[in-house]
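Report on the structure
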Amino acid sequence: MTGLALRERTSWVAFVLPAAFVLVGVVGWLLGWHLGVDNAVYRSGAVALVHGEPLYDRMALSAEPSWARLPFTYPPTAALLFVPLAAVPTQVAWGLLAAVSLLLLTWVIKTAVRAVPGRPGWLEPDKTAVVLGVLLVGLEPVWRTVFLGQINIVLMALVVADVLVLGARGSRAGGVLVGVAAAVKLTPLVFVAHLLLIKRWADAGRAVATFVVLQGVMFLLNQHDVVEFWGRAVQDPQRIGPIYWAGNQSLNGLVLRLTDNADWSMKVVLPIAVVLAVPCALWVRKASPLPALLISAFFGLLVSPVSWSHHWVWVVPLVVYLLSRLPERVRWANAAPVGAVVLVFASCVLLAMRNGKAVEFQWTAAEYVIGSAYLLVPLVAGAILLARARARPAPERG
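My aim in this report is to walk through the structure given alongside it, one point at a time. Small disclaimer: the values here were computed from a predicted structure and weren't measured. (Residues numbered from 1 in each chain as written. Predicted model: local features only at pLDDT ≥ 70, side-chain atom pairs only at ≥ 80, totals over all residues. Heavy atoms only, no water.)

1. A closer look at the overall build of the chain
A count of helices and strands for the chain gives 19 helices and zero strands. Whereas a compact globule of 398 residues would reach a radius of gyration of roughly 21 Å, the chain reaches 21 Å, a difference of no more than 12%. Dimensions along the principal axes, computed over C-alpha positions, put the chain at roughly 70 × 55 × 45 Å. The buried share of the chain, reckoned over its 398 residues, is 49%. Summarising the internal contacts of the chain: among those between residues at least 6 apart in sequence, 71% fall at separations of at least 24. Entry remark: accessible area of the chain is about 19,100 Å², with carbon and sulfur atoms responsible for 67%. With 31 positive and 19 negative side-chain charges, the chain shows a separation of 10 Å between the mean positions of the two kinds. (Helix = DSSP H or I, 4+ residues; strand = E, 2+ residues; numbered from the N terminus. Rg over C-alpha atoms; globule rule 2.2 N^0.38 Å. Buried < 20%, exposed > 50% of the residue type's maximum accessible area, 1.4 Å probe, protein only. Contact = heavy atoms within 4.5 Å. Areas by Shrake-Rupley, 256 points an atom, 1.4 Å probe, with all protein chains shown as cover. Lys, Arg positive; Asp, Glu negative; His and termini not counted. Charge placed at Lys NZ, Arg CZ, Asp CG, Glu CD.)

2. Examining the packing of aromatic side chains
Each aromatic ring pair is described using two quantities: the centre-to-centre distance and the angle formed by the ring planes. Taken as a whole, this structure holds 19 aromatic pairs when the rule is applied. Ring geometry for phenylalanine 211 versus tryptophan 230: centroids 6.3 Å apart, planes at 90 degrees, classification edge-to-face. In this pair, phenylalanine 211 is assigned in helix H10 (residues 201–221) and tryptophan 230 in helix H11 (residues 223–231), connecting sequence segments 19 residues apart. With a centroid separation of 5.5 Å and 75 degrees between ring planes, the pair formed by tryptophan 363 and tyrosine 368 is classed as edge-to-face. We classify tryptophan 363 as buried; its relative accessible area is 6%. For tyrosine 368, a relative accessible area of 15% puts it in the buried group. (Phe/Tyr/Trp six-rings, centres within 6.5 Å; stacked < 30°, edge-to-face > 60°.)

3. Focus on helix H8 (residues 176–184)
Among all positions in H8, only Val178, Gly179, Ala181, Ala182, Ala183 and Val184 are buried. Next to the buried residues of H8 lie helix H3 (76–81), helix H7 (152–169), helix H9 (190–197) and H10.

4. Digging into helix H12 (residues 251–258)
Within H12, seven of the eight residues are buried, which leaves it mostly tucked inside the rest of the structure. Among all positions of H12, only Leu251, Asn252, Gly253, Leu254, Val255, Leu256 and Arg257 are buried. Trailing H12 by a residue or two, aspartate 260 shows a phi angle of about 55 degrees, which is positive.

5. Focus on the environment of tryptophan 363
As for its position among the elements, tryptophan 363 is in the loop between helix H17 (349–352) and helix H18 (365–370). For the pair tryptophan 363 and arginine 257, spaced 106 residues apart in sequence, the C-alpha to C-alpha distance is 8.7 Å. In contact with tryptophan 363, not counting residues within four places along its chain, are Ala246, Arg257, Met353, Arg354, Tyr368 and Gly371. Within polar-contact distance, the side chain of tryptophan 363 engages the backbone oxygen of arginine 354 at 2.7 Å. (Polar contact = N/O pair within 3.5 Å; in protein donor to acceptor, adjacent residues only side chain to side chain.)

6. Thoughts on the layout of surface pockets
In this structure, the second largest pocket encloses a volume near 1,600 Å³. For the second largest pocket, the lining is made up of 42 residues, of which Leu322, Ala381, Gly382, Ile384 and Leu385 are closest to its centre. Of all the secondary-structure elements, those providing two or more residues to the lining of the second largest pocket are helix H13 (265–286), helix H14 (289–303), helix H15 (315–324), helix H16 (332–346) and helix H19 (373–391). Per-element accounting of the lining of the second largest pocket gives the leading share, 15 residues, to H19. Of the residues contributing to the lining of the second largest pocket, the split by class is 34 nonpolar, three polar and five charged. (1 Å grid on protein atoms, 1.4 Å probe; cavity = no way out; pocket = protein on both sides within 12 Å on 5 of 7 lines; lining within 4 Å. Points joined across faces, edges and corners; volume = space filled by probe spheres on them. Nonpolar A, V, L, I, M, F, W, Y, C, P; charged D, E, K, R; others polar.)

7. Here's the deal with the environment of leucine 96
On the secondary structure map, leucine 96 appears in helix H4 (residues 90–114). When the C-alpha positions of leucine 96 and valine 26 are compared, they lie 9.4 Å apart, and in sequence the two are 70 residues distant. With residues near it in sequence (within four places) discarded, leucine 96 still touches Val22 and Val88.

8. Regarding the side chain of glutamate 64
Mapping glutamate 64 onto the fold places it in the loop between helix H2 (37–51) and H3. For glutamate 64, which is buried and forms no salt bridge, the nearest opposite charge comes from arginine 69, at a distance of 4.5 Å. Engagement of the side chain of glutamate 64 in a polar contact is seen with the backbone nitrogen of leucine 70, the distance being 3.0 Å. When neighbours within four sequence positions are excluded, glutamate 64 is seen to be in contact with Ala40, Val41, Ser44, Arg69 and Leu70. (Salt bridge = Lys/Arg side-chain N within 4 Å of Asp/Glu carboxyl O.)

9. Concerning the pattern of salt bridges
Applying the stated criterion across every chain, the model contains eight salt bridges. Salt-bridge contacts for glutamate 53 lead to arginine 58; the nearest nitrogen and oxygen are separated by 2.9 Å. Note on glutamate 53: relative accessible area 14%, which makes it buried. Among the ionic pairs, arginine 200 bridges to aspartate 203, the shortest N-O distance being 2.4 Å. One network of salt bridges, with partners in common, ties together Asp162, Arg200, Asp203 and Arg206.

10. Things to note about the side chain of lysine 185
Take lysine 185: it is sitting in the loop between H8 and H9. Put simply, lysine 185 is tucked away with no salt bridge, and the nearest opposite charge, on aspartate 38, sits 6.8 Å away. A distance of 3.0 Å separates the side chain of lysine 185 from the side chain of asparagine 152, its partner in a polar contact. Non-local contacts of lysine 185, meaning those with residues more than four positions away in its chain, are made with Tyr42, Tyr74, Pro75, Gln150, Ile151, Asn152, Leu155 and His311.

11. Quick notes on the packing of H10 against H11
At a minimum axis separation of 5 Å, H10 and H11 run at an interaxial angle of 125 degrees. As summarised for this structure, H10 and H11 are arranged oblique, according to the angle between their axes. Together, Phe211, Gln215, Met218, Phe219 and Leu221 of H10 and Gln223, Val226, Val227 and Trp230 of H11 make up the contact between the two elements. Partitioning the contact of H10 with H11 into residue classes produces seven nonpolar, two polar and no charged. (Axes fitted to C-alpha atoms, helices over the stretch in contact; angles between N-to-C directions. Parallel < 35°, antiparallel > 145°, perpendicular 65-115°, else oblique.)

Structural measurements only, silent on function.
This is the structure we're talking about:
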C-alpha cells in the first residue's frame, strides 16, 4: 500500500468513531437518554447567558435537565465560549462535543509524534494517530471526559496547538490559545509560566492579555456574573463538590483524605509545590518541546486544588512520548514504562476504590497508595529521572 493510500484509509477511519457519537447524540435526543452531565451544565450556562439568567446566584440553572442539576463552576467567559452549544438540544450538544474531542485527540497524537525527533520508524504520525486515537479512548481520563461531555481534550488541544505548533513557527498569535483555554478553566494558566520558562516572553504576554480581554468583554456583557464569580463563586467549595473524593487526584485531594478534610490543606500543598517547582522548572528549560510541555502539564495537575481523574488526559501525549523513546526493535523490558502508565490509567482503579460519603477517611495504607495512582505517576517518573541524573558520571574537566 502506498503512503498516499495509507493516509486516505487512516483518514477515513479517524472519522468513524466521532460520527458514531454524533449519531448516538441524535438518537439520545429523540429517545430522551441522559447523556453528558457536564456537557448539560456547559450548555445550560450558555443558555443562561443568552437569556440573562445569573450564572452563580443559584446552585443550578433553569435550562439544566432533571438529571444534571449541578452548579456552574466555570468562569463567566466559559459560558460565552459555550454559546454554540445552546443552538442544539442537550444530547446533540454532547454528541457534537464528543466528536470534536475525539478528532482533536487524534490531532494531538499526530502533533505529539511529529514533535519528537529521533523517533523509531514504526511510529508514523498518520497511522499512529488513528491507532492510538482509538486504543487510548480506553484510558479512564479519556473515556470519562467523552462520556461526561467534558472539555478537557479540547483545552489540551488548544495548549498543544499554541506551544508545539504556533511556538515552533514563531507565530505572532502564540499565547492566544493558552489565554482562551484559561478563560474556560483557570488551570491552563500554568502554561503562562511554561511560556516564560521557555523564553517565549511575548507569547506569555499575549496569553495573559487574551485572558484579561475576555474577562473585560464579559464584564461589558454581564457585569453581575463577573463580579459574582471573582468575588464569591471562585472561592466557594460547595460549588465544586467534596474534593476529598478519590477522583480528585491532586496533592490537595491526597492531603484532604489524609487529614479528614482539613481546611488548611493548601497550606501544606503550597510549600510542596514550591519545592517541586524548582526541578520542574530546570527540566522544562533543558528538555525538548514535548517533554517540557508534559512536565508543566503534570506539575499543574499535581498542584491544582482540584484535578479530577478526567483532567488527566495529558497521559495521551505522555504515552506518545514514551513510545517515541523505544528502539526500532522493541523488547518487553523496553516497553515496561509505557505499559505501566497505560495499565494505571486504563485499569479504572479509582472507580473500584471505596469512595464517596467520606469513606476515604477510613482507607487503609494500601488503599491510600492505590487511591493515589494517578498523582503517583509523575512523582515516580520524576524521582526516576532525578536518580538517573545523579547517577550519571560528571564530565571530565580538561
